Amino acid sequence: MSILLIGCNKAPEVVILQGKTMGTTYSVKYIDDAQIKQRSKDVHEKIELLLRDVNNKMSTYIATSELSMFNQSTRTEAPIEISNDLGIVLQESIRLNAITEGALDVTVGPIVNLWGFGPEKRKTNESMDDKVQKVKQWIGIDKMKLYHINNKYLLQKTIPQLYIDLSSIAKGFGVDKVAQYVESIGAKNYLVEIGGEVRTKGKKLDGKAWQIAIEKPTFDGSRAISQIVSLKDMAMATSGNYRNYFEENGERFSHEIDPKTGYPIKHRLASITVITDSAMTADGLATGLYVLGEEKALEVAEKYNLRVYLIVKTDNGFEARMSSAFEKLINDK
């Protein structure tokens, strides 16, 4: 955890707060002017508490988290009350499942674990086909029932094996939570980032828009930029397979699982970036659209007027493609 102040005492200054959360890092930048009364130390402590709370509700790596306790339960006879935060994320997951035609499915966790991308490490000496077919029977957004009654969320399993994994959307929710808090203390200009998922408001200290780079995928660990985006009052998330994968018998397996097949995706889409108003929505859409592949993802993006930027692997390297809404965004400067 670190705190860095940049600027002078009499003028507005940039506060930078950093730390670790959800198996990655976070960074919060906001312009401190006369309107903000809280000390940066107190702001940092509050952000740490907020992120710890999100983890304690939605992590599958914390055995005592609210989500883990639900996953461990085999009760199907009646719904149980869950926190408002967990309910909001599940509700958005269901909505995005429909938009992405089932590609974003938060019940895919058992197969994610089967392939070794979840809390349980994969056993490579076991045959996968039979296991995938068995576990696929436990997958499906229809196997969980979410109710919103009298301002309370209730969640129910329809099968004992139902297991929910929110790794595709929880980081984005965390970004939104922190952004809402930073805004509540009076910050009109800020940038919140967790593991590459970003949300901004206002402008930088120099009066220019926040500049966010979309990374160009490489398979050798090097870093390169594909596109710079001026992000004002928006959120952005990227999904791709060029970092999280494993190789077995000469074949590369992506960490993104297609819920329809139960197998890691194998299409040529290297990464996809989505820009929306909410980091939670951008995070979930990036995962779902990535699973769909480049052609279907663009089709869905055009249907719903989504700002989407794709990087496709070709025989000659990488090629960038974008939706009409994304193109309009970068041209309207």
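Everything numeric here is computed off the predicted structure, so don't read it as measured data.

Some points on the packing of aromatic side chains
In this structure the tally under the stated criterion is one aromatic pair. Plain terms: the ring middles of Y309 and F326 are 5.2 Å apart, the flat faces sit at 40° to each other, and that makes the pair tilted. With Y309 in strand β15 (residues 307–314) and F326 in helix α9 (residues 324–331), this residue pair connects regions lying 17 residues apart in the sequence. The exposure class assigned to F326 is buried, which follows from its relative accessible area of 0%. Its end group placed over the ring of F70, K157 keeps NZ or CZ at 5.1 Å from the ring centre.

Brief notes about the sheet that holds strand β4 (residues 80–82)
One open sheet accounts for three strands, arranged β4-β6-β5; its pairing is antiparallel. In the strand order of this sheet, the two ends are held by β4 and β5 (144–149), each with one partner. Ignoring which end each strand starts from, the neighbouring axes of this sheet average 35° apart. As defined by bridge partners, β5 adjoins strand β6 (residues 152–157) across six bridges and the pair is classed as antiparallel. When the sheet's bridge partners are listed, Y147 is paired in β6 with L154. Sitting on the sheet, helix α3 (residues 84–99) touches β4, β5 and β6, and the angle it makes with β5 is about 120°.

Here we look at the packing of helix α6 (residues 170–184) against helix α7 (residues 279–292)
Interhelical geometry of α6 versus α7 gives an angle of 165° and a closest axis separation of 7 Å. By the angle between their axes, α6 is roughly antiparallel relative to α7. The crossing of α6 and α7 is right-handed. Of α7, the residues touching α6 (which contributes A170, K171, G172, F173, V175 and D176) are A279, M280 and D283. Here the residues of the contact of α6 with α7 sort into five nonpolar, one polar and three charged.

Examining the pairing of strand β8 (residues 197–201)
In terms of burial, β8 is a largely internal element, four of the five residues being buried. Pairing analysis gives two bridges linking β8 to strand β11 (residues 235–240), with the strands arranged antiparallel. If you follow R199 over to β11, its bridge partner there is A235.

Details of the pattern of salt bridges
Under the criterion given, the structure shown has 16 salt bridges. When the shortest N-O distance is used, the salt bridge between D176 and R199 registers 2.8 Å. Here D176 is found in helix α6, whereas its partner R199 is found in strand β8, with 23 residues between them in sequence. The same class applies to D176 as to R199, namely buried.

Here's the deal with the pairing of β11
Where burial is concerned, most of β11 is hidden: five out of the six residues are buried. With six bridges connecting them, β11 and strand β14 (residues 269–276) associate as antiparallel partners. Pairing of T238 across the sheet is with T273, part of β14.

Describing the nonpolar core
Counting residues in each nonpolar core, the largest one holds 45 residues, and the members touching the most others are L90, I164, L166 and L289. Sort the elements by how many residues they give to this core and α7 lands first, with seven residues. Non-local contacts of L289, meaning those with residues more than four positions away in its chain, are made with T100, L269, I272, V274, A297, V300, L306 and V308. Listed in part, the 22 residues of the second largest apolar core include V15, L51, V175 and A235.

Considerations on the UniProt feature "binding site: Mg(2+)" (unreviewed entry) in the chain
Under the present numbering, the feature "binding site: Mg(2+)" (unreviewed entry) in UniProt falls on S168, D283 and T287. The annotated residues occupy 120 residues of the chain but converge on a single region, no pair of C-alpha atoms lying more than 6.6 Å apart. Among the secondary structure elements, S168 is positioned in the loop between β6 and α6. A residue is classified by how much of its surface remains accessible, and S168, at 12% relative accessible area, is buried. S168 has contacts with L104, V106, D283, G284 and T287, leaving out every residue within four places of it along the chain. With respect to the element layout, T287 can be found in helix α7. By relative accessible area, which is 9% here, T287 ends up buried. Not counting the four nearest positions on each side in its chain, T287 is found in contact with L104, S168, S239 and E256.

Digging into the side chain of H44
You can see H44 is positioned in helix α1 (residues 40–58). Polar contacts involving the side chain of H44 include one to the main-chain carbonyl oxygen of Q18, which spans 3.0 Å.

What counts, and at which threshold
Residues numbered from 1 in each chain as written. Predicted model: local features only at pLDDT ≥ 70, side-chain atom pairs only at ≥ 80, totals over all residues. Heavy atoms only, no water. Phe/Tyr/Trp six-rings, centres within 6.5 Å; stacked < 30°, edge-to-face > 60°. Helix = DSSP H or I, 4+ residues; strand = E, 2+ residues; numbered from the N terminus. Buried < 20%, exposed > 50% of the residue type's maximum accessible area, 1.4 Å probe, protein only. Lys NZ or Arg CZ within 6 Å of the ring centre and 35° of its normal. Pairing = 2+ DSSP bridges. Axes fitted to C-alpha atoms, helices over the stretch in contact; angles between N-to-C directions. Contact = heavy atoms within 4.5 Å. Parallel < 35°, antiparallel > 145°, perpendicular 65-115°, else oblique. Left-handed = near helix turned anticlockwise from the far one by under 90°. Nonpolar A, V, L, I, M, F, W, Y, C, P; charged D, E, K, R; others polar. Salt bridge = Lys/Arg side-chain N within 4 Å of Asp/Glu carboxyl O. Core = buried A, V, L, I, M, F, W, Y, C linked by side-chain atoms within 4.5 Å. UniProt positions renumbered as here; feature names shortened; annotations may be inferred. Polar contact = N/O pair within 3.5 Å; in protein donor to acceptor, adjacent residues only side chain to side chain.

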